[in-house]
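Residue-level structure breakdown
Take a look at the letters that make up each chain.
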Amino acid sequence: MTEQKEIKITGENTAFRNELMQKKGAERIMYCYQCGICTADCPVAKRVKEFRPRRIARLAVLGQKDRLLSGDTLWLCAGCYTCYERCPEKVKVSEIVSALRNIAVEEGLVRPTFKALMKSISEKGYIYEIDEFENEMREDEGLPEAPSPAQEEIDKILKKTGFMERLGGVQR
Ligand code: SF4
Ligand code: SF4
């Protein structure tokens, strides 16, 4: 049985929750009533028992910054927006996750795997290399070759946002 850690609410926790609620899409945190629909329909939660959108919403309500920003959990979300569409209170867990990731990036708490993905996008325009084998698989499925990435546009976005530097010095 997983050990349950006691959660103490301090002024710091409340301040963090209020900070989070100022972020776009995270305004309705306090409307979460823990119905669990987000978790029931989340494709990642179906496969990873540690990943519970409902828990993310609860920890956000409780302003548990350290628990939310540490570890891999935050980076497992696939951004599919199922929770966004299903939540009866329009809490938008997907947006809360994005807001938390932005805070994590600002604080230099990005997981190495995510850094590697971003490095690949900056170098190849995709999160992994699209080679002949990938295109053959696409052909088998009746799909055209993968389009060339819009590298110029990607470069512009990365430069303008200073994204790679924010990730801790991952450079092209
Ligand atoms: S975020 Fe929405 S769907 Fe998820 S537990 Fe809270 S109220 Fe329910
Ligand atoms: S956006 Fe993330 S948390 Fe929401 S259902 Fe999809 S994978 Fe789960």
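Rules used throughout
Residues numbered from 1 in each chain as written. Chains lettered and ligands numbered in written order. Predicted model: local features only at pLDDT ≥ 70, side-chain atom pairs only at ≥ 80, totals over all residues. Heavy atoms only, no water. Helix = DSSP H or I, 4+ residues; strand = E, 2+ residues; numbered from the N terminus. Near = heavy atom within 4 Å. Nonpolar A, V, L, I, M, F, W, Y, C, P; charged D, E, K, R; others polar. Salt bridge = Lys/Arg side-chain N within 4 Å of Asp/Glu carboxyl O. Buried < 20%, exposed > 50% of the residue type's maximum accessible area, 1.4 Å probe, protein only. Patch = residues over 30% accessible without salt bridge, like charges linked within 9 Å, V, L, I, M, F, W, Y side chains within 5 Å. Areas by Shrake-Rupley, 256 points an atom, 1.4 Å probe, with all protein chains shown as cover. Lys, Arg positive; Asp, Glu negative; His and termini not counted. Charge placed at Lys NZ, Arg CZ, Asp CG, Glu CD. Expected span 1.5 Å × (residues − 1). Axes fitted to C-alpha atoms, helices over the stretch in contact; angles between N-to-C directions. Parallel < 35°, antiparallel > 145°, perpendicular 65-115°, else oblique. Contact = heavy atoms within 4.5 Å.

A few words on unusual backbone geometry. In this structure, K90 is a non-glycine residue whose phi angle is positive, near 50°. Mapped onto the fold, K90 is located in the loop between α6 (82–86) and α7 (93–106).

Within the structure, ligand 2 sits among 13 residues, and C42, C77, C80, Y81 and C83 are positioned closest to it. Grouping the amino acids of the shell around ligand 2 by side-chain chemistry returns 10 nonpolar, three polar and no charged.

Within the structure, ligand 1 sits among C32, Y33, Q34, C35, G36, C38, R54, C87, P88, V91 and V93. In terms of residue class, the shell around ligand 1 is made up of eight nonpolar, two polar and one charged.

Time to look at the pattern of salt bridges. For the structure shown, the criterion picks out seven salt bridges. A salt bridge links R28 to E89; its shortest N-O distance comes to 3.7 Å. One end of the pair, R28, is in the loop between α1 (11–21) and α2 (37–41); the other, E89, is in the loop between α6 and α7, and 61 residues separate them in sequence. By relative accessible area, which is 28% here, R28 ends up partly exposed. On the basis of relative accessibility, which here comes to 25%, the residue E89 falls in the partly exposed class. Among the salt bridges present, the one from D41 reaches R86, with a minimum N-O distance of 2.7 Å. With D41 in helix α2 and R86 in helix α6, the pair connects residues that are 45 residues apart, well separated along the chain. Accessibility expressed as a relative area gives 41% for R86, which makes it partly exposed.

Turning our eyes to something else, we now look at a negative patch on the surface. Residues E129, D131, E132, E136, E139, D140, E141 and E145 make up a contiguous surface patch of negative charge. Mapped onto the elements of the fold, E136 is located in helix α9 (residues 132–140). A relative accessible area of 42% places E136 in the partly exposed class.

Moving on to α7. The α-helix advances 3.6 residues per turn, and as a result positions three or four apart in sequence lie on the same side. Across its 14 residues, α7 extends 20 Å between first and last C-alpha, which sits within 8% of the 20 Å expected from 1.5 Å per residue. In terms of burial, α7 is a largely internal element, 11 of the 14 residues being buried. All of the buried residues in α7 are V93, S94, E95, I96, V97, A99, L100, R101, I103, A104 and V105. A positive backbone phi angle near 70° is found at G108, which sits one or two residues after α7.

Moving on: the packing of helix α8 (residues 112–124) against helix α10 (residues 151–161). Two quantities define a packed helix pair, namely the angle between the axes and the distance from one axis to the other. It is at 8 Å that the axes of α8 and α10 come closest, and there the two elements cross at 130°. The orientation of α8 relative to α10 falls into the category oblique. Contact residues: M118, I121, S122, E123 and K124 in α8; Q151, I154, D155 and L158 in α10. Within the contact of α8 with α10, the residues separate by chemical class into four nonpolar, two polar and three charged.

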